[in-house]
Amino acid sequence: GVLALLPVALALADASDDENFQRALLLGLAYAGSLGGIATLVGTPPNLIFASIYQNITGTEFSFTRWLGIGLPMVLLGLPVIALWLTRNVKLSKPLELPTTSEMTTYEKRVLMVFGTVVVLWITRTAPFGGWTGLLGIGSLNDATVALAGVVAMFVIPTGKVKREKLLNWPLAKDIPWGILLLFAGGICLARGVMESGLGEIIGQSLTALGVLPLWLLIFVLALTVSFVTEVTSNTATATLLMPILAATAAALELPIELLMIPAVIACSCAFCMPVATPPNSIVFASNRVTIKAMAREGVVLNILLAIVTTLVVLIFV
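Residues numbered from 1 in each chain as written. Predicted model: local features only at pLDDT ≥ 70, side-chain atom pairs only at ≥ 80, totals over all residues. Heavy atoms only, no water.

**Thoughts on helix α5 (residues 106-123)**
Put simply, the rule reads: In DSSP terms, a helix is any run of H or I states spanning at least four residues, a strand is any run of E spanning at least two, and both are numbered starting from the N terminus. To estimate how far a helix should extend, the number of its residues minus one is multiplied by 1.5 Å. For this analysis, residues touch if any pair of their heavy atoms sits within 4.5 Å.
Counted at 1.5 Å a residue, the expected span for α5 with its 18 residues is 26 Å, and the 26 Å between its end C-alpha atoms agrees. Buried residues along α5 sit in contact with α4 (64-86) and α7 (143-156).

**Considerations on the side chain of Asp18**
The condition is simple: N or O atoms closer than or at 3.5 Å make up a polar contact, with two conditions inside protein: a donor-capable atom paired with an acceptor-capable one, and, for residues adjacent in sequence, both atoms drawn from side chains.
Relative to the helices and strands, Asp18 is located in the loop between α1 (2-14) and α2 (19-36). Here the side chain of Asp18 touches Phe21 through a polar contact of 3.1 Å, landing on its backbone nitrogen. Other than its neighbours up to four places away in sequence, Asp18 contacts Lys91 and Leu92.

**Examining the environment of Ala11**
For Ala11, the location among the structural elements is in helix α1. As a C-alpha pair, Ala11 and Ala286 span 275 residues in sequence and 16 Å in three-dimensional space.

**Remarks on the packing of helix α3 (residues 45-58) against helix α12 (residues 235-252)**
Condition: Every axis in this analysis is a line fitted to C-alpha atoms, fitted for helices over the stretch in contact. Angles between the N-to-C directions lie between 0 and 180 degrees. The scheme is simple: roughly parallel for angles under 35 degrees, roughly antiparallel for over 145, roughly perpendicular for 65 to 115, oblique for anything else. In this scheme the handedness of a crossing depends on how the near helix is turned from the far one: anticlockwise by less than a right angle means left-handed, clockwise means right-handed. Basically, the charged four are Asp, Glu, Lys and Arg, the nonpolar ten are Ala, Val, Leu, Ile, Met, Phe, Trp, Tyr, Cys and Pro, and anything else, Gly included, counts as polar.
Close contact between α3 and α12 brings their axes to 9 Å; oriented N to C, the two are set at 25°. With respect to their mutual orientation, α3 and α12 come out roughly parallel. The handedness of the crossing between α3 and α12 comes out as right-handed. Where α3 abuts α12, its residues Pro45, Pro46, Ile49, Phe50, Ile53 and Ile57 lie against Asn235, Thr236, Ala239, Thr240, Met243, Pro244 and Ala247. Here the residues of the contact of α3 with α12 sort into 10 nonpolar, three polar and no charged.

**Some points on the state of the cysteines**
Let me state the cut-off plainly: Count a disulfide wherever a pair of cysteine sulfur atoms falls within 2.5 Å. Each residue's exposure class comes from its accessible area (1.4 Å probe, protein chains only) as a fraction of the maximum for that residue type: buried when under 20%, exposed when over 50%, partly exposed otherwise.
Per the stated rule, a full pass over the model turns up zero disulfides. Cysteine Cys270 remains unbridged, with the sulfur of Cys268 as its closest cysteine sulfur at 9.3 Å. According to the relative accessible area criterion, Cys270 is buried, its value standing at 3%. Cysteine Cys273 remains unbridged, with the sulfur of Cys270 as its closest cysteine sulfur at 12 Å.

**Regarding unusual backbone geometry**
In this model, Ala127 is joined to Pro128 through a cis peptide bond whose omega is -5°. Among the secondary structure elements, Pro128 is positioned in the loop between α5 and α6 (131-136). Of note in this structure, Glu254 is not a glycine but carries a positive phi near 60°. One can find Glu254 in the loop between α12 and α13 (258-267).

**Overview of the packing of aromatic side chains**
The criterion, for reference: Two aromatic rings, drawn from Phe, Tyr or Trp (for Trp, its six-membered ring), form a pair once their centres lie within 6.5 Å of each other, and the interplanar angle then sorts them: stacked below 30 degrees, edge-to-face above 60, tilted otherwise. Charge-over-ring contacts are defined here by two conditions on Lys NZ or Arg CZ: a distance within 6 Å of the ring centre and an angle within 35 degrees of the ring normal.
Scanning the entire structure with this criterion turns up seven aromatic pairs. Taken together, a centroid distance of 5.5 Å and an interplanar angle of 45° make the contact between Phe50 and Trp67 tilted. Pair noted here: Phe50 is in helix α3 and Trp67 is in helix α4, with a separation of 17 residues, a long-range link. Exposure remark for Phe50: the relative accessible area of 0% places this residue in the buried category. Their ring planes at 70° and their centres at 6.1 Å tell us that Phe62 and Trp67 sit as a pair that is edge-to-face. Through a chain of ring-to-ring contacts, three or more aromatic side chains come together here, namely Phe50, Tyr54, Phe62 and Trp67. Note that Arg88 overlies the ring of Trp85, its terminal NZ or CZ placed 3.8 Å from the centroid.

**As for the environment of Val232**
Examined against the element boundaries, Val232 turns out to sit in the loop between α11 (215-229) and α12. Judged by relative accessible area, which is 64%, Val232 ranks as exposed. Between the C-alpha atoms of Val232 and Val42, which are 190 residues apart in sequence, the distance is 23 Å.

**Notes on the packing of α12 against α13**
Where α12 meets α13, the closest approach of the two axes is 8 Å, and the angle between their N-to-C directions is 150°. As summarised for this structure, α12 and α13 are arranged roughly antiparallel, according to the angle between their axes. The chirality of how α12 crosses α13 is right-handed. Seen from α12, the contacting residues are Met243, Leu246, Ala247, Thr249 and Ala250; seen from α13, they are Leu260, Met261, Ala264 and Val265. Of the residues belonging to the contact of α12 with α13, the class tally is eight nonpolar, one polar and no charged.

**Focus: the pattern of salt bridges**
Convention followed: For this analysis, a salt bridge means a side-chain nitrogen from Lys or Arg found within 4 Å of a carboxyl oxygen belonging to Asp or Glu.
For the structure shown, the criterion picks out five salt bridges. The partner of Arg289 in a salt bridge is Asp14, with the nearest N and O atoms 2.8 Å apart. With Arg289 in the loop between α14 (279-285) and α15 (292-317) and Asp14 in helix α1, this residue pair connects regions lying 275 residues apart in the sequence. Since its relative accessible area comes to 35%, Arg289 is described here as partly exposed. Two residues, Arg125 and Asp143, come together in a salt bridge whose shortest N-O distance is 2.9 Å.

Have a look at this one:
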């Protein structure tokens, strides 16, 4: 999403000579990309890691709609915070002059229809009233099945531009970052090993000293710590390492495991200081229009502000 919108953001930035506006626009794109992924269970790799490990430990699926009830409030509360902070010094001296856009092509409309159908199927798979899988008696299907069906549809549906040309072909598909699948699968295996070996329980017991803190402070400290740790590590790797440990810690504190896992997985996407912290940060930094100094100066305050928002959302909605 960020990669697709970067040319749009650059065009908007070039329409103004205000450096504060340009910086706010590009950083806003990166931060909104990271925060927006929190909204859905399939939005970011850390979310998927949480869902897989949660199901592995509890034997219960964390549904798409249940996560939506947590992720959506996080985005709705977090986006205004990001926007207000980034635009605090922005004062445009003249209105932006933007080029006119053409109408959507048949190609674009068909891609949008496939994507929209996939999203609807994700949201309604198990809810309400058992969802369409319950209605059809095919409860063994999961979100990955829906995604795969969408991919197959893309390979089958014609573009409407060139005869026999499809919406998706292999030359395009082969450039998909397949390595993330190996990283994701390896992370699940590592998490299972941490739990089965007893290492997670040992570390969890050692962290029970945190139980003396009030719950709100515990969640805030956890979210803030994870967000700054993620600044120098992959957010996927951070989630992989922490999810089983926090599950064991929550069990030792006699808390629902999701009460500690969810703020940590949200914090993995709320790292705004360094380019390596999240893929959106890296993409925007690679445009050579934002410096590390500028990103760090804006991001350090947002890390703290979003940790506060995370704490409120978890206490209210989890």
